[in-house]
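Residue-level listing of the chains:
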Amino acid sequence: MHADSSSSASPSRKRLLIVGGVAGGASAAARARRLSEEAEIILFERGEDISFANCGLPYHIGGDIPEREALLVQTPESMYGRFRIDVRVRSEVLSIDRQARELVVRDLKTGREYREGYDALILSPGAAPVRPPIPGAESKRVLTLRNMADMDHIKSIIDTEKPERAVVIGGGYIGLEMAEALRRRNVSVVLVERLPQVMTPVDPEIAAPLHQELRAKGVDLRLSAAVVAIREDGNKVTVVMGDGSEVTGSLVIMSVGVKPETTLAVQAGLALGSRGGIKVDEHMRTNDPNIYAVGDAVEVPLHGGGDGLIPLAGPANRQGRIAADVIFGRESSYRSTQGTAICKVFDLDVAVTGLNEGTLKAQGRRYEKIYVHPNNHAEYYPGSSKMALKLLFDHDGRILGAQAVGAGGIDKAIDVLATALRAGMTVYDLEHLELCYAPPYGSAKDPVNYAGFVAANVLRGDHRQIHADQLPDQSDNPFLLDVRNLPELAIGTIPDATVIPLNELRDHLDELPPDRRIIAFCMIGLRGYLAARLLEQHGFDAVNLAGGYKTWKAFGSLPLRAVAKESATT
């Protein structure tokens, strides 16, 4: 039934079996064929579709992608026509006989079970949506979104029943995308998240604008709300929260995360990692030298330390390619995952790469951070908007991670920073990057350059800063100095701050306390930096509030009040 790969005359004459399609399995199959016309390649898929754009599922439900067929990347017919790959849909692999190097497969259309031998096996089972162990979670009105069939079911309910309200449980990628899709279909949405923020790959202050955007677009956002029960009553379903509150809708979208599909691997005795995914080496090989695993089911090293489960299409595609390379004698290895990702939340984009601050704290790492709020392109060109960009780096300047949120330019900034992170660049290198500039596309001082300038200034000692989350811990009686112009106070200021506009600061130096630390701040950090530099050179102990009032507000401010210092010229 199979050949011994160790004694095979040609490494290309292999019998390769692949379990699971979509990004990892389908990519591995196509790559394997490009490397060997002689290999026999069989791909088993439990569902009907082998290669579809699962990241596009919410956008078809919402109507952004009108044609369902646009999501089908490959079909069994197209895979056979182009690559001569034997694709068997509705085929469930029941077990792996590692000693005989055979799979036991059930044809779900006929119920017939049979065995297929392999020289090499690639597992790409993916990850399954989590259904938490709460009463009612298995209700037929509680839906998840993983594949085309799930998408069709959700869309059919919206098309035929025209529900007035839906409850989305979970504020991750799928939850946020489904909230927007449902609102586009004129469905009222309650979004329930048990944590204090949505989009947990980013830190809380970067997520804060998403909360504002969701509420502005009509989403009833419930944060720090744990679901304890779900009750179904006919065509209605009620979600009960831990505080006793309830919300009723016509359907519930459960999007609290995914877990790797490891049942087949565990039954076969393959090793799992510390996070519960299939353990693989840098060549995507499991502890069985003839079995490889790729995609959402595997545990991979994170760039910067530790291991993680990263259910993203980009890494899955690369892993499938690497596994095929290694099987057919190519030297190839996986170089860790940065977790680079982006999500559209109505009119905002949020993106991340590398380690976030929460992870760095958990690892006990020393790090520094800066915030900048540049425009996505030249401010004078129509349509410009400000972004919030956070950069994390170590004390040698090495980039550790970055996050950004805004209405434009987020993908470009994070893509550049992701490349810089992968290349081992420092914040000093960011100062010298030469990036595209024309008024419709960018600024002469690109946001990435800008972040590099600020970070490098911090490390050189030219920019002494304090962070908004450190303010409540100040015990040395600091003097808060708001250097914005008086009309800007309409939106508030930090409690107990004295206001002296930057351009008038030199005329009021004798009114500042010489024996107290002065924390200068403006709206986004630039004028606060200029004020701190000015005051330092006049002998004051002055620092800038990183990211200004805008970042402080994002951390969750107290009620606002101001002590305005009127100038003689006002």
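A. Region of the structure containing the overall build of the protein chain. Within the protein chain, the secondary structure is distributed over 14 helices and 34 strands. For 570 residues, the compact-globule formula gives about 25 Å, and the C-alpha radius of gyration of the protein chain, at 27 Å, lands near that figure. The principal-axis extents of the C-alpha atoms in the protein chain amount to approximately 90 × 60 × 45 Å. Buried residues in the protein chain amount to 53% of all 570 residues. Within the protein chain, contacts between residues separated by at least 24 positions form 63% of all contacts whose residues are at least 6 apart in sequence. Here the protein chain displays about 24,900 Å² of accessible surface, and carbon together with sulfur accounts for 49% of that area.

B. Here's a closer look at the pattern of salt bridges. Evaluation of the coordinates by the stated rule reveals 38 salt bridges. One salt bridge connects Lys344 with Glu180, and the closest N-O pair in it is separated by 2.4 Å. Taken together, the positions of Lys344 in strand β24 (residues 341–345) and Glu180 in helix α5 (residues 173–184) put the pair 164 residues apart, joining distant regions of the chain. The exposure class of Glu180 is buried, given its relative accessible area of 6%. Of the charged contacts, one joins Glu357 and Lys369 as a salt bridge, the two residues approaching to 3.0 Å between their closest N and O atoms. On the criterion of sequence distance, the pair formed by Glu357 in helix α9 (residues 357–362) and Lys369 in strand β26 (residues 368–372) is long-range, its members being twelve residues apart.

C. Quick look at the packing of aromatic side chains. Following the criterion strictly, the structure yields one aromatic pair and no others. Ring plane angle 35° and centroid distance 5.6 Å describe the contact between Tyr549 and Trp552, whose orientation is recorded as tilted. Of this pair, Tyr549 and Trp552 both sit in helix α14 (residues 548–554), three residues apart, which is roughly one turn of that helix. The same class applies to Tyr549 as to Trp552, namely buried. The ring of Tyr450 carries Lys445 above its face, with NZ or CZ at 5.6 Å from the centroid. The ring of Tyr549 carries Arg484 above its face, with NZ or CZ at 4.7 Å from the centroid.

D. How the structure looks around the environment of Asp347. With respect to the helices and strands, Asp347 occurs in the loop between β24 and β25 (348–354). For the pair Asp347 and Asp150, spaced 197 residues apart in sequence, the C-alpha separation works out to 26 Å.

E. Layout of the pairing of strand β1 (residues 15–19). Where burial is concerned, most of β1 is hidden: five out of the five residues are buried. A two-sided burial pattern is seen for β1, the buried positions comprising Arg15, Leu17 and Val19 on one face and Leu16 and Ile18 on the other. In this sheet, strand β2 (residues 40–45) lies alongside β1 in parallel orientation, the contact comprising five bridges. Its bridge partner lying in β2, Leu16 is registered against Ile41. Of the crossover connections in this fold, the one passing from β1 over helix α1 (residues 22–35) to the parallel β2 is right-handed. When β1 meets strand β9 (residues 120–123), the two strands line up parallel, connected through four bridges. In the sheet register, Leu16 faces β9, and the bridge partner there is Ala120.

F. Structural context of a nonpolar patch on the surface. Taken together, the side chains of Tyr380, Tyr381 and Tyr437 define a hydrophobic patch exposed on the protein surface, amounting to about 370 Å² of accessible area. Structurally, Tyr437 is set in the loop between α11 (427–430) and α12 (447–460). Take Tyr437: its relative accessible area is 42%, and that puts it in the partly exposed class.

G. Seen up close, unusual backbone geometry. Phi is positive for Lys162, close to 45°, though the residue is something other than glycine. Within the element layout of this structure, Lys162 appears in the loop between α4 (148–161) and β12 (165–169). The phi dihedral of Phe346 is positive, around 55°, even though this residue is not glycine.

H. Local environment of the sheet that holds strand β13 (residues 188–192). Across the sheet, five strands lie side by side as β11-β18-β12-β13-β14; this open sheet has parallel pairing. Edge positions in the sheet fall to β11 (142–143) and β14 (220–222), since each of these pairs with one other strand and no more. Summarising the sheet, β13 and β14 pair through three bridges and their orientation is parallel. Among the inter-strand pairings, Leu191 is bridged to a residue of β14, identified as Leu221. Sheet contacts for α5: β12, β13 and β18 (251–254); angle to β13, the most-contacted strand, approximately 165°.

I. Main features of the environment of Arg366. Along the chain, Arg366 falls in the loop between α9 and β26. The exposure class of Arg366 is exposed, given its relative accessible area of 61%. The spacing of Arg366 and Phe393 is 27 residues in sequence and 8.9 Å in space, taken between C-alpha atoms.

J. A look at the nonpolar core. Judged by nonpolar contacts, the single largest core of 51 residues is most densely connected at Leu16, Ile96, Leu103, Leu121, Ile122 and Leu123. It is helix α8 (residues 313–327) that contributes the most residues to this core, five residues altogether. One finds Leu143, Leu145, Met151 and Met178 within the second-largest nonpolar core, a separate group that totals 41 residues.

K. Spotlight on the sheet that holds β26. Reading across the sheet, the five strands line up as β24-β25-β28-β27-β26 and stay open at both edges, with antiparallel pairing between neighbours. At either end of the open sheet lies a strand with only one pairing partner, and these are β24 and β26. Strand-to-strand, the axes of this sheet are offset by a mean angle of 10°, without reference to chain direction. Relative to strand β27 (residues 387–393), β26 is paired through five bridges, and the arrangement is antiparallel. Of the residues in β27, the one forming a bridge with Lys369 is Leu392. Taken strand by strand, α12 contacts β26 and β27, and its axis lies near 135° from that of β26.

L. The arrangement of the side chain of Ser255 in detail. When you line up the elements, Ser255 lands in the loop between β18 and β19 (258–260). A distance of 3.3 Å separates a polar side-chain atom of Ser255 from the backbone oxygen of Gly170. Contact partners of Ser255, with chain neighbours within four places excluded, come to Val168, Ile169, Gly170, Ile174 and Gly175.

M. The arrangement of the pairing of strand β22 (residues 298–301) in detail. As paired strands, strand β20 (residues 278–279) and β22 are joined by two bridges and run parallel to one another. Among the inter-strand pairings, Lys279 is bridged to a residue of β22, identified as Glu299. Bridging between β22 and strand β23 (residues 307–308) involves two bridges; their strand directions are antiparallel. Across the sheet, the residue bridging to Val300 is Gly308, located in β23.

Calculation criteria
Residues numbered from 1 in each chain as written. Predicted model: local features only at pLDDT ≥ 70, side-chain atom pairs only at ≥ 80, totals over all residues. Heavy atoms only, no water. Helix = DSSP H or I, 4+ residues; strand = E, 2+ residues; numbered from the N terminus. Rg over C-alpha atoms; globule rule 2.2 N^0.38 Å. Buried < 20%, exposed > 50% of the residue type's maximum accessible area, 1.4 Å probe, protein only. Contact = heavy atoms within 4.5 Å. Areas by Shrake-Rupley, 256 points an atom, 1.4 Å probe, with all protein chains shown as cover. Salt bridge = Lys/Arg side-chain N within 4 Å of Asp/Glu carboxyl O. Phe/Tyr/Trp six-rings, centres within 6.5 Å; stacked < 30°, edge-to-face > 60°. Lys NZ or Arg CZ within 6 Å of the ring centre and 35° of its normal. Pairing = 2+ DSSP bridges. Right-handed = clockwise from strand over helix to strand, strands pointing away. Patch = residues over 30% accessible without salt bridge, like charges linked within 9 Å, V, L, I, M, F, W, Y side chains within 5 Å. Axes fitted to C-alpha atoms, helices over the stretch in contact; angles between N-to-C directions. Core = buried A, V, L, I, M, F, W, Y, C linked by side-chain atoms within 4.5 Å. Polar contact = N/O pair within 3.5 Å; in protein donor to acceptor, adjacent residues only side chain to side chain.

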